[in-house]
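Notes for the structure review
Here is what each chain is made of, one letter per residue.
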Amino acid sequence: MSERTLVLVKPDGVSRGLVGEVISRIERKGLRLAALELRTVDEATAKQHYAEHDGKSFFNDLVEFITGGPLVAIVVEGTRAISAFRQLAGGTDPVEKATPGTIRGDFGLEVQFNLVHGSDSVESAEREIKIWFPAL
Ligand code: CMP
């Protein structure tokens, strides 16, 4: 079933020059790009995007990190796009959870600086796409 998911190449991925690598993996998997924008996000948008983590110990650091430089927001679509991108990304912790061959497993070391975000459910994807691309 065709789905849409919201992918972010976070500021660490942009500053390390990994945007092309991430997009290439998305395309090689067979997924399509439906929208894409390089953007520096304000605090309100970052807090809205990460609302489910509000109150957690890492929340303020996360918001500061995500607003600290340009990121690339992408709407990715295709068959089982939500799980397919999460498979490409690997687990949240780039060392303990993500395996080699995944984006985080190949390029990441720290949980916070884990390079990419991908929606975790159909509901999250709809909510997040509305935040980042309200016109879609
Ligand atoms: P993401 O998939 O975007 O969802 C929430 C983000 O919070 C996560 O990737 C990490 O960047 C960050 N995060 C999750 N857990 C921790 C943690 N324990 N310490 C710091 N950052 C975290």
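Here the structure is a predicted model, which is why all the values come from computation and not from measurement. (Residues numbered from 1 in each chain as written. Predicted model: local features only at pLDDT ≥ 70, side-chain atom pairs only at ≥ 80, totals over all residues.)

Here the focus is the site of the ligand. Neighbouring the ligand are the residues H53, F58, L62, T92, V111, Q112, N114 and H117. Residue classes in the shell around the ligand are distributed as 3 nonpolar, 5 polar and no charged. (Near = placed C-beta within 6 Å. Nonpolar A, V, L, I, M, F, W, Y, C, P; charged D, E, K, R; others polar.)

Here we take up the UniProt feature "binding site: ATP" (unreviewed entry) in the protein. Taken from the UniProt record, the annotation "binding site: ATP" (unreviewed entry) applies to K10, F58, R86, T92, R104 and N114. The exposure class assigned to F58 is exposed, which follows from the 12 C-beta atoms found within 10 Å. Positionally, T92 belongs in the loop between α5 (81–89) and α6 (103–107). Beyond its immediate sequence surroundings of up to four residues, T92 is in contact with K97, V111 and N114. (UniProt positions renumbered as here; feature names shortened; annotations may be inferred. Buried ≥ 20, exposed ≤ 12 C-beta atoms within 10 Å, placed from the backbone. Helix = DSSP H or I, 4+ residues; strand = E, 2+ residues; numbered from the N terminus. Contact = placed C-beta atoms within 7 Å.)

This paragraph deals with the sheet that holds strand β2 (residues 32–39). Overall, antiparallel pairing links the 4 strands, which are arranged β2-β3-β1-β4 in an open sheet. With partners counted over all chains shown, the strands left at the sheet margins are β2 and β4 (116–118), one partner each. Strand-to-strand twist across the sheet, computed as the mean angle between neighbouring axes with direction ignored, equals 20 degrees. Here β2 pairs with strand β3 (residues 71–79) via 7 bridges, running antiparallel. Paired with A35 across the two strands is V75, which belongs to β3. (Pairing = 2+ DSSP bridges. Axes fitted to C-alpha atoms, helices over the stretch in contact; angles between N-to-C directions.)

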